[in-house]
Amino acid sequence: MNTVFCFTGMFLNHIEGLGLKLPEDLDNYNPVEYPHYHVFMTLHLARPIDVSSLHYNAELIANLSDEEIRTVTLESLINKGFCYITNSNSLM
């Protein structure tokens, strides 16, 4: 099922316990201290999402090394199997 999550807290039940280091305040955090979480939110917040892919995407991002997360590109994530919806009509 596709949807759009507009608030960071909406992800919590979907990504908790999947290896992403989560800040105490999901909205106000230091991206340098939480780079994996930052990448996840940048690619998912207020974007069309296949809800069934959240678990996989979160684990994929969490498993990136600390070095790789700082240089990762959307293209490289997609090549690893990252699910990214690019057509907003897919919500219908």
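Conventions we followed
Residues numbered from 1 in each chain as written. Predicted model: local features only at pLDDT ≥ 70, side-chain atom pairs only at ≥ 80, totals over all residues. Heavy atoms only, no water. Buried < 20%, exposed > 50% of the residue type's maximum accessible area, 1.4 Å probe, protein only. Helix = DSSP H or I, 4+ residues; strand = E, 2+ residues; numbered from the N terminus. Contact = heavy atoms within 4.5 Å. Phe/Tyr/Trp six-rings, centres within 6.5 Å; stacked < 30°, edge-to-face > 60°. Lys NZ or Arg CZ within 6 Å of the ring centre and 35° of its normal. Axes fitted to C-alpha atoms, helices over the stretch in contact; angles between N-to-C directions. Left-handed = near helix turned anticlockwise from the far one by under 90°. Nonpolar A, V, L, I, M, F, W, Y, C, P; charged D, E, K, R; others polar. pLDDT = per-residue confidence, 0-100. Core = buried A, V, L, I, M, F, W, Y, C linked by side-chain atoms within 4.5 Å.

Our next topic: helix H3 (residues 54-62). Looking at H3, one finds that the buried residues are Leu-54, Asn-57, Ala-58, Leu-60, Ile-61 and Ala-62. Buried residues along H3 sit in contact with helix H1 (12-15), helix H2 (35-44), strand S2 (48-50), helix H4 (66-69) and helix H5 (74-79).

Turning our eyes to something else, we now look at H2. Burial of H2 is extensive: 8 of the 10 residues sit out of reach of the surface. Where H2 is buried, its residues contact H1, S2, H3, H4 and H5. Residue Ala-46 follows H2 closely and has a positive phi angle near 60°.

As enumerated under the stated definition, the model contains 4 aromatic pairs in all. Here Tyr-29 and Tyr-37 contribute two aromatic rings whose centre-to-centre distance is 4.9 Å and whose plane-to-plane angle is 80°, an arrangement assigned as edge-to-face. On the basis of relative accessible area, Tyr-29 is assigned to the partly exposed category, the value being 21%. Residue classification places Tyr-37 among the buried residues on the basis of a relative accessible area of 0%. Seen in terms of ring centroids, Phe-82 and Tyr-84 are 6.2 Å apart; in terms of plane orientation they differ by 35°. Their pairing is tilted. Put simply, the rings of Phe-5, Phe-11 and Phe-40 pair up and form one aromatic cluster. Note that Lys-21 overlies the ring of Tyr-34, its terminal NZ or CZ placed 4.9 Å from the centroid.

Viewed as axis vectors pointing N to C, H2 and H3 meet at an angle of 140°, and their least axial separation amounts to 9 Å. Once H2 is placed against H3, the crossing between them reads as right-handed. Across the interface between the two elements, His-36, Val-39, Phe-40 and His-44 of H2 pack against Leu-54, Asn-57, Ala-58, Ile-61 and Ala-62 of H3. A breakdown of the residues in the contact of H2 with H3 according to their chemical character gives 6 nonpolar, 3 polar and no charged.

Now for the confidence of the model for the protein chain. Of the residues in the protein chain, 92% have a pLDDT of 70 or more, and the chain-wide mean is 91. For the protein chain, strand S1 (residues 2-4) is the element with the lowest average pLDDT, namely 89, and H2 is the one with the highest, namely 97.

Another point: the environment of Asn-2. As for its position among the elements, Asn-2 is in strand S1. For the pair formed by Asn-2 and Arg-47, sequence separation is 45 residues and the distance between their alpha carbons is 10.0 Å.

It is worth spelling out the nonpolar core at this point. With 23 residues, the main nonpolar core has Phe-11, Ile-15, Leu-20, Val-39, Phe-40, Ile-61 and Leu-77 as its most contacted residues. For this core, the secondary structure elements donating two or more residues are H2 and H3.

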